[in-house]
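Close look at the chain arrangement
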Amino acid sequence: AQYARYEVSGPRAAAWLDGLVAGRLPAIGRIRLAPMLSDSGHLMGDLSVARQVDGRFVLTGSYHLQDWHLRWFRAHLPRSGVRLRNRTDELMGFAISGPASRDLLAELAAGDAATAASGIGFLGIRPMQIAGTRAQVGRISLTGELGYEIVVPANRHLALHDALLEQGRRHGLRIIGDLAFDSLRLEKGYGIWSAEFRHHVTPVACGLDLFVAPDKGAFIGREAFLRDAEAEPDR
């Protein structure tokens, strides 16, 4: 899966992100969906925010929105205390989904990590060795069924691909295309950017208001969101 990935770290990283996204930040080892809003309350992005075990944050968003998002991030960066790094070209991965995905992941994990792989809860993330490569594994799936995203350094992407296909044979692993993937997420009612989510849409209009936390404190677009939430959307 090729997405844009941004690493955020530093002593003020959590405070900065909390004011940038409209949702609550995850605990360590967890992932949260976090809409990002403009001052007018319209969508700036439908990000996922992961808080890794070392405390760093990784934002995942649409690959083709990199320039737009980077301009937004940099326009709001404080002068110190926050480090932002675009790691899109450095990290790649695969999404595996289906009833056998947990067993496949455990088989690819090394040693005690096999037990750890089986125990990742929904929206959990942890580092582990997968097929001899250091990976970040998150239990998250856009298909709506049990699934994981395995992210590795880009130079280990092909090795991960080969290991998945080799070990996956006994589980009936198949590679699916974008249209099949799109059909699965539509059945589950999951939105994506450029379809249900666009820059002229508000969270209330597209159902992302479930992931907005207006009671957490100040964030960009909060006042506009509160006004919008009081009325029925016009579309």
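For the structure, check the block above.
This part is about the pairing of strand 8 (residues 133-138). Of the strand pairs in this sheet, strand 7 (residues 125-130) and strand 8 are connected by 6 bridges, and their pairing is antiparallel. Along strand 8, the bridge assignment pairs Ile130 with Thr133. Between strand 7 and the antiparallel strand that follows it, strand 8, lie 2 residues; Ala131 among them carries a positive phi value of about 55 degrees. Where strand 8 meets strand 9 (residues 147-153), 3 bridges bridge the pair, whose relative direction is antiparallel. Bridge assignment links Gly138 to a residue of strand 9, and that residue is Glu149.

Position of His157 among the secondary structure elements: in helix 5 (residues 157-168). With residues up to four places along the chain from it excluded, the contact list for His157 reads Met92, Gly93, Phe94 and Val152.

Our focus in this paragraph is the sheet that holds strand 9. Taking strand neighbours across the sheet as the criterion, the 4 strands line up as 6-9-8-7 in an open arrangement whose pairing is antiparallel. Edge strands, defined here as strands with exactly one partner in the open sheet, are strand 6 (91-97) and strand 7. Ignoring which end each strand starts from, the neighbouring axes of this sheet average 30 degrees apart. Pairing of strand 6 with strand 9 involves 7 bridges; the strand directions are antiparallel. The residue bridging Leu91 from the neighbouring strand is Pro153, located in strand 9. Against the sheet, helix 3 (residues 101-108) touches strand 6, strand 7, strand 8 and strand 9, its axis set at about 30 degrees to strand 9. Along the sheet, helix 5 makes contact with strand 6, strand 7 and strand 9, crossing strand 6 at roughly 15 degrees.

Core analysis: the biggest nonpolar cluster contains 21 residues, and Val8, Leu17, Leu20, Leu59 and Phe73 have the highest contact counts within it. Elements with a minimum of two residues in this core: strand 1 (4-9), helix 1 (13-20), strand 2 (30-37), strand 3 (43-51), strand 4 (57-61) and helix 2 (66-76). The leading source of residues in this core is helix 1, at 4 residues. Not counting chain neighbours up to four residues away, the residues in contact with Val8 comprise Ala13, Trp16, Leu17, Arg56, Phe57, Leu59, Val82, Arg83 and Leu84. Ranked by size, the runner-up nonpolar core spans 17 residues in total, among them Ile96, Met128, Tyr148 and Ile150.

Cut-offs used in this document
- Residues numbered from 1 in each chain as written.
- Predicted model: local features only at pLDDT ≥ 70, side-chain atom pairs only at ≥ 80, totals over all residues.
- Heavy atoms only, no water.
- Pairing = 2+ DSSP bridges.
- Helix = DSSP H or I, 4+ residues; strand = E, 2+ residues; numbered from the N terminus.
- Contact = heavy atoms within 4.5 Å.
- Axes fitted to C-alpha atoms, helices over the stretch in contact; angles between N-to-C directions.
- Core = buried A, V, L, I, M, F, W, Y, C linked by side-chain atoms within 4.5 Å.
- Buried < 20%, exposed > 50% of the residue type's maximum accessible area, 1.4 Å probe, protein only.

These values are about where atoms sit, not about what they do.
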